[in-house]
Amino acid sequence: QVQLVESGGGLVQAGGSLRLSCAASGRTFSSYAMGWFRQAPGKEREFVAAGSTYYADSVKGRFTISRDNAKNTVYLQMNSLKPEDTAVYYCAAGRVVTREARYYNYWGQGTQVTVSS
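Note that the structure is predicted; figures quoted are calculated from it, not measured. (Residues numbered from 1 in each chain as written. Predicted model: local features only at pLDDT ≥ 70, side-chain atom pairs only at ≥ 80, totals over all residues. Heavy atoms only, no water.)

### Remarks on the nonpolar core
Selection rule: Among buried residues, those of type Ala, Val, Leu, Ile, Met, Phe, Trp, Tyr and Cys that are joined through side-chain atoms within 4.5 Å constitute a nonpolar core. Whether a residue is buried, partly exposed or exposed follows from its accessible area with a 1.4 Å probe, protein chains only, as a fraction of its type maximum: under 20%, in between, or over 50%, in that order. Secondary structure follows DSSP: runs of H or I at least 4 residues long count as helices, runs of E at least 2 residues long count as strands, and numbering of each begins at the N terminus. Only heavy atoms matter for contacts: two residues are in contact if any of them lie within 4.5 Å across the pair.
Grouped together as the largest cluster of nonpolar side chains are 35 residues, with contacts concentrated most on L4, W36, L76, M78 and Y89. Going through the elements one at a time, β3 (18-24), β4 (33-39), β5 (46-50), β7 (63-68), β8 (73-78), β9 (87-94), β10 (104-107) and β11 (111-116) are the ones with two or more residues in this core. Counting residues per element, this core draws most heavily on β9, which supplies five residues. The contacts of L4, once residues within four sequence positions are left out, are C22, A23, A24, M34, C91, A92, A93, Y106, W107, G108 and Q109.

Below you can see the structure in the form of structure tokens.
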């Protein structure tokens, strides 16, 4: 069992940066594949980043996923933010690195990111 808690969301102007954190409970964090997803109002949840090299085209070159296994934490560094990045961001843990949300077994509660124009 893994519990995930996101933090770091907030309101930022377009062009700004935020770093999201996702703290995981449990002693087996390093064995899990981690991903980030987001859901904007009225839209379906969409993939953002996973592993160390999987990125949605819409964020490639602007967002970076990383993890610190010693701290049981995964990060999402978001630069050059755009209004269309506004969404609730979720971290997820699973057994395989994938863009498919259905393969992730554990989800955090989400953190709101709002980018103003």
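### Re the state of the cysteines
What counts here: Pairs of cysteine sulfur atoms within 2.5 Å are identified as disulfides in what follows.
The full count for this structure, using the stated rule, is one disulfide. Disulfide partner of C22: C91, at an S-S distance of 1.9 Å. Sign of the S-S torsion, about 50° for the bond between C22 and C91, identifies this disulfide as right-handed. Of the two residues, C22 sits in strand β3 while C91 sits in strand β9, which places them 69 residues apart along the sequence. Judged by relative accessible area, which is 0%, C22 ranks as buried. Relative accessible area serves as the criterion here: at 0%, C91 is assigned to the buried category.

What is shown is where atoms sit, not what they do.
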